[in-house]
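Descriptive structure summary
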Amino acid sequence: MSLIPNFLGGRRNNMFDMWDPFQDFPFTGGALSVPGETASFANTRIDWKETPEAHVFKADLPGVKKEEVKVEVEEGRILQISGDRSIEKEEKNDKWHRVERSSGKFMRWFRLPENVKVEEVKAGMENGVLTVIVPKAEVKKPDVKVIDISG
């Protein structure tokens, strides 16, 4: 046992233990939440890139099954990606030392531009990465009529 004191007067188990100023607060997982509820992982990382053919969204959802994810297009052009990562079941004899992985509900939404084909949106999931492809509509160039100049 180390003799390194912590700031609150107790002793640490080893020199690598860090003092947690929030250890006695009524929230868990580093996210402010109601006590007893699962912390949300609203910070789900999503990339959005535009190619000449489509808008491509990629979301990192490790540990989430495709059945737990919902992809919707609302009100014509709002892409919504939502789901729920379930918390790991706790066994009677388990002793948790640290819980850092997020669990709970998540939802992200994006306003799509006007030039998309919402009826042709496709989604797939592989190795914990959700890919949503929103094809772009061809931009119709206005017909140009040449006018003869008289005179």
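Conventions we followed
- Residues numbered from 1 in each chain as written.
- Predicted model: local features only at pLDDT ≥ 70, side-chain atom pairs only at ≥ 80, totals over all residues.
- Heavy atoms only, no water.
- Helix = DSSP H or I, 4+ residues; strand = E, 2+ residues; numbered from the N terminus.
- Contact = heavy atoms within 4.5 Å.
- Areas by Shrake-Rupley, 256 points an atom, 1.4 Å probe, with all protein chains shown as cover.
- Polar contact = N/O pair within 3.5 Å; in protein donor to acceptor, adjacent residues only side chain to side chain.
- Salt bridge = Lys/Arg side-chain N within 4 Å of Asp/Glu carboxyl O.
- Buried < 20%, exposed > 50% of the residue type's maximum accessible area, 1.4 Å probe, protein only.

Before going further, it helps to examine the overall build of the protein chain. A tally of regular secondary structure across the protein chain gives zero helices and seven strands. Reading the protein chain from its N terminus to its C terminus gives the helix and strand order β-β-β-β-β-β-β. Expressed as a percentage of contacts within the protein chain between residues at least 6 apart in sequence, the contacts between residues at least 24 apart total 48%. Total accessible area on the protein chain is roughly 12,600 Å²; 52% of this is exposed by carbon and sulfur atoms.

Of note, His55 is situated in strand 2 (residues 54-60). For His55, the side chain forms a polar contact with the side chain of Trp48, separated by 3.1 Å. Other than its neighbours up to four places away in sequence, His55 contacts Trp48, Lys49, Glu50, Pro113, Asn115, Val116, Val132, Ile133, Val134 and Lys136.

Let us now look at the pattern of salt bridges. A side chain of one charge can pair with a side chain of the opposite charge when the charged atoms of the two come close. Overall, the coordinates contain two salt bridges when judged by the stated rule. Between Glu50 and Lys136 there is a salt bridge, and its shortest N-O distance comes to 2.7 Å. Of this pair, Glu50 sits in strand 1 (residues 46-50) while Lys136 sits in the segment after strand 7 (129-135), and the two are 86 residues apart along the sequence. Residue Glu50 is classed as exposed on the basis of its relative accessible area of 52%. When its relative accessible area of 16% is taken as the criterion, Lys136 is described as buried. Among the salt bridges present, the one from Lys105 reaches Asp84, with a minimum N-O distance of 3.7 Å. Remark: Asp84 occurs in strand 4 (residues 78-85) and Lys105 occurs in strand 5 (residues 104-111); sequence separation between them is 21 residues. According to the relative accessible area criterion, Lys105 is exposed, its value standing at 59%.

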